[in-house]
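# Summary of the model geometry
Single-letter residue listing:
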Amino acid sequence: MLMRFFNRLLSRPLWPALLLVLVTLLAGWQATRVQVAVNLSGLIGEGTEGAQAIRRYETRFAPLRAEEVLLVQAPSFATDQALGALEDLVLELQFVDGVENVISLASLPAPGREGSWLTGPELADLPPAERLETMRRLNPLARQLISADMTAAMIAVVPEPGQAGDALADRVQTAADGFEGLHVTHVGLLAVQRAISVELIRDIEVLTPAAIGLCLILSVVLFRSARAVAVIALPPIAGLVWFFGWLGATGTPIDPLMGSLPVVLIVLAFSDAIHVYHAAIQALDAAADRRAALSRALAETAPAAALTSLTTVIAFASLAWPDSPSMNTMAWAGGVGMGLCLLSVLWMMPVLMWALGVPRAGGRPPRLFAGVVPPARRVARWTRAVPLIAVLVLLGALALQSQSRLGFRYADYLPRGAPVTRALAQMDAAGLGSDRMLAIVETDPAAPLDRVTRAAAAIWGPEGSDWARSPAGQAMLARMAATDGSAHALPLQLPISARDVPADHALSTVMAAFDAAGLGGQVQVIGPGQALITEGPKLVENLRWGLYSTILAITLLVAAVHRSWRLALVALVVNLIPILGVEAWLVVQGRELTIMNMIALTVAFGIAVDDTLHFLNRLALARGDTAARVDRALTEAAPPMAATTAILLAGLVVTLFSTLPGLAVYGGLIALAVALALAADLFLLPGLIRWSLK
């Protein structure tokens with residue numbers, strides 16, 4: 001059936017060619033509508049505990065709003081000029097269109113009365129340094145708003161309902177410009193998301209073309225023919241255009257999880273195209289009828305290409321397992337992208353072969369990677385040693401993998417060298433926190449202020465307890481009470497750590513302090529940042545189960561396609577080695593399994609099995625006893641396997657130049673898995689097949 005389809009396509013390609021041009025032009029037009037949208041909170045689904053905790057807070061207190069957080073720096077605020085400039089900045093921000101409130105040092109009320117303490121008569125006669133030090137000593141909230149060395153202050157701008165967004169951020173920045181002696185930088189989750197958007201756009205504009213360029217260069221080196229490179233390269237490029245067109249047409253935005261998806265799609269499509277073209281060259285060897293030979297080559301390779309795409313689609317589909325809107329979108333987009341790229345390769349390559357007249361009879365497959373065949377054949381004959389080596393490698397990787405830890409790191413999402421990243425590092429050093437959370441302290445009816453006093457001491461030290469008992473503190477606490485008086489919401493500022501450390505480091509310290517104060521179960525920290533930190537490891541655990549389901553599904557698929565449980569189990573062993581090897585490498589490096597790492601492992605398994613499937617496809621087409629079939633499969637499959645791995649590595653290596661650490665690690669881990677998969681497929685798979693089917 002496939003031979004008849006491709007034979008008809010090769011004999012009457014004009015209308016399919018015109019349709020291809022029309023579809024590609026339409027997709028290119030729709031691709032201009034692609035948007036980048038970054039919302040780290042989109043990692044957390046509405047059904048997660050973190051999201052539910054925020055909703056419970058909003059029913060008891062007030063709606064949470066995304067704030068614009070500003071870091072204001074000066075050589076020293078302990079001068080009349082700098083402190084006056086800070087006061088003027090706060091006043092200016094209050095008049096920005098769309099701003100409801102400004103939280104700053106100047107907004108702290110004076111003890112015993114309404115009105116600003118900073119500008120009130122209580123501190124008016126003190127020098128600036130003493131004014132600030134007095135506020136920090138007597139009010140722990142002041143310590144969250146200005147650093148101990150008086151060089152950094154924090155301002156939070158609360159928008160009016162429905163006013164948050166880039167337009168408000170621009171108005172706030174415009175208002176902050178021009179204050180002599182002050183340096184103002186946007187920080188906080190909103191600023192981080194805007195910085196990520198900028199870098200995602202750069203990656204799409206720079207890294208994706210770079211990946212295409214590297215794949216083209218390798219194709220030229222392999223086939224040394226402009227026509228051959230056109231046949232190989234144009235279908236993957238068209239498939240990527242179709243994918244971007246689908247994103248634009250459906251309004252599906254690109255987010256951090258999808259940032260490297262275009263690179264993954266283009267290199268996988270190049271891989272399929274090279275396998276198809278390599279098979280076509282071999283089919284034309286001494287063939288009398290060119291069209292029949294090409295039809296046979298396409299029909300023999302198409303099932304393997306479809307199967308390799310299907311395994312990657314299964315890997316992407318497993319991302320729908322967790323309750324995470326961003327991952328669910330990635331699952332859908334990855335599957336659609338793989339389908340479109342496969343369709344472009346199988347539809348466009350026959351048309352281009354007809355139009356450009358390549359490959360021709362008498363051509364030779366590239367010999368650049370033919371050198372891998374002899375050593376792979378020799379190792380395949382070690383039918384006793386190879387199973388032992390495979391078992392030892394698998395057990396060693398399992399032993400290391402069992403030591404892996406789950407975690408979430410803000411550093412995975414912070415663009416390297418960006419102003420916001422530098423500012424966050426400076427806030428860390430200054431002891432200020434840009435991630436504003438709330439500690440919800442449940443009230444004890446028998447002693448209404450006991451728990452909140454102990455919680456204040458756990459957050460701010462003994463001075464916090466003294467402040468909570470003071471008249472000024474109790475007046476502030478009244479503003480922090482729930483509508484029914486059943487709880488208090490204490491402000492808690494923790495760092496969005498720019499350092500490469502677990503994101504829960506500061507939060508764990510605070511929670512341990514609550515436990516030490518006997519408040520376990522009586523205090524809950526809530527906020528978008530807290531939801532990310534606490535739900536992140538749970539997402540990783542869900543992704544791990546998704547990976548296990550991917551492994552099971554692909555193993556069953558191999559067993560069904562090749563009608564052999566032995567081959568399916570051999571394939572399972574071979575393809576577990578690269579995935580476990582990558583996890584073992586993370587353990588050796590002292591890295592946790594984060595969301596990005598786990599997604600990389602899942603996608604890597606779907607990709608790593610590709611070489612195995614192409615080898616098994618050639619094994620099924622070969623004739624003779626097991627040894628002869630394995631040798632034949634190595635001869636036909638090993639060179640394109642090595643070539644496509646080189647293409648994959650060349651394309652994925654560009655992700656290492658992304659300024660988004662998570663995307664760089666994502667591409668690097670997939671590249672490592674692909675390299676390990678090639679080694680396992682060349683030097684373990686043939687020997688295991690000879691051993692298991694003897």
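Further up the page is the structure itself.
Everything numeric in this text was worked out from a predicted model, so none of it was measured.

## Observations regarding helix H9 (residues 226–250)
The end-to-end C-alpha distance of H9 is 35 Å, a good match for the 36 Å that 25 residues give at a rise of 1.5 Å each. Its axis deflected by about 30° at Ala233, H9 carries its strongest bend there, up to four residues before the proline Pro235. Remark: Gly251 follows H9 within two positions and exhibits a positive phi of approximately 70°.

## Some words on the pairing of strand S5 (residues 435–442)
The buried fraction of S5 is high, at 6 of 8 residues. As paired elements, S5 and strand S6 (residues 487–494) share 8 bridges and run antiparallel to each other. What sits directly across from Met437, in S6, is Leu492. Where S5 lies against strand S7 (residues 523–526), 4 bridges are found, and the strand directions are antiparallel. Counted as the bridge partner of Ala439 is Val525 from S7.

## Some details on the environment of Val313
Positionally, Val313 belongs in helix H11 (residues 290–317). Considered as a pair, Val313 and Glu130 are 183 residues apart in the sequence and their alpha carbons are 64 Å apart. Apart from residues no more than four positions distant in its own chain, Val313 is found in contact with Gly335 and Met338.

## Focus on the sheet that holds S6
As summarised here, the arrangement of the 3 strands in space is S6-S5-S7, forming an open sheet in which the pairing is antiparallel. The sheet is open, and its two edges are formed by S6 and S7, each paired on a single side. Strand-to-strand twist in this sheet, taken as the mean axis angle between neighbours without regard to direction, amounts to 25°. Most of the contacts of helix H3 (residues 49–60) go to S7, to which it runs at about 105°, and overall it touches S5, S6 and S7. Sheet contacts for helix H20 (residues 528–562): S5 and S7; angle to S5, the most-contacted strand, approximately 85°.

Cut-offs used in this document
- Residues numbered from 1 in each chain as written.
- Predicted model: local features only at pLDDT ≥ 70, side-chain atom pairs only at ≥ 80, totals over all residues.
- Heavy atoms only, no water.
- Helix = DSSP H or I, 4+ residues; strand = E, 2+ residues; numbered from the N terminus.
- Expected span 1.5 Å × (residues − 1).
- Bend = angle between axes of the 7 residues up to and from the residue.
- Buried < 20%, exposed > 50% of the residue type's maximum accessible area, 1.4 Å probe, protein only.
- Pairing = 2+ DSSP bridges.
- Contact = heavy atoms within 4.5 Å.
- Axes fitted to C-alpha atoms, helices over the stretch in contact; angles between N-to-C directions.

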